[in-house]
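# Overview (structure and organization)
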Amino acid sequence: MKKFFALSIVLVALVCSLTACKHMSGTELYAWAENWTAQLGHSQITADENLIGTRVWGDDEYCGTYQAECTGVTGKNVIFGGAALSNRTLNLSGTIHSQGGKANIRIRQNDEVILLETDEHGAFSTQLSLESGGNYIMVQYEDFSGTVTLTSEHSESNC
């Protein structure tokens, strides 16, 4: 994934050197590249109409709340995340209450995938330090019946 973003940045720089972008300042070029990268990353997030549950967005695509009540559901939802050039820190918390089957919270940080563990009450909480690249928070369901709640917020302020 990092190779993809590095190649994307090189491609952006090449396009900018051949177009009117060469008149942009470094700050303007960085903001343009960050926006372009974010648009690419947004395409990986499950659309609202295809979600198993309900998502309420925060200030950006990395934060908000998600809730699902399921009966025998199988599938994967990419709830929050995206692609970015800048780093960010998120606080992620929630619960999984299972009446059957399995639901997992998966965090993809570039090429690494982390499965969050719940405590004996089905609760989870962690702080994520996301580096530049593709970072996504997902819920994977396997014949799951029960409820899932999830909150993601920037660590320095609420979304």
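Presented here is a report on the structure given in the accompanying data block. As the structure is a prediction and not an experimental result, all values here were calculated from the model.

Once that is clear, we can look at the pattern of salt bridges. Scanning all chains against the criterion turns up two salt bridges. With a shortest N-O distance of 2.6 Å, R55 and D48 are connected by a salt bridge. A relative accessible area of 43% means that D48 is categorised as partly exposed. Its salt-bridge partner being D60, residue R88 comes within 3.3 Å of it at the nearest N-O pair. Of the two residues, R88 sits in strand β3 (residues 88-109) while D60 sits in the loop between β1 (54-57) and β2 (64-84), which places them 28 residues apart along the sequence. In this structure R88 comes out as buried when scored by relative accessible area, which is 17%.

Take the nonpolar core next. Y66, L92, I105, I137, Y141, V148 and L150 are the most contacted members of the largest nonpolar core, which totals 25 residues. Secondary structure elements with two or more residues in this core: β2, β3, β5 (123-130) and β6 (133-154). Considering each element in turn, this core owes the most residues, seven residues, to β2. Counting five residues, the second-largest nonpolar core is a separate cluster that includes V78, A83, Y136 and M138.

What follows concerns unusual backbone geometry. Backbone geometry at N110 places phi at a positive 55 degrees, although glycine is not the residue there. Along the chain, the position of N110 falls in the loop between β3 and β4 (112-115). Judged by its relative accessible area of 7%, N110 is buried. Phi angles above zero are rare outside glycine, and D143 is one such case at about 45 degrees. Mapped onto the fold, D143 is located in strand β6.

The rules behind the values
- Residues numbered from 1 in each chain as written.
- Predicted model: local features only at pLDDT ≥ 70, side-chain atom pairs only at ≥ 80, totals over all residues.
- Heavy atoms only, no water.
- Salt bridge = Lys/Arg side-chain N within 4 Å of Asp/Glu carboxyl O.
- Buried < 20%, exposed > 50% of the residue type's maximum accessible area, 1.4 Å probe, protein only.
- Helix = DSSP H or I, 4+ residues; strand = E, 2+ residues; numbered from the N terminus.
- Core = buried A, V, L, I, M, F, W, Y, C linked by side-chain atoms within 4.5 Å.

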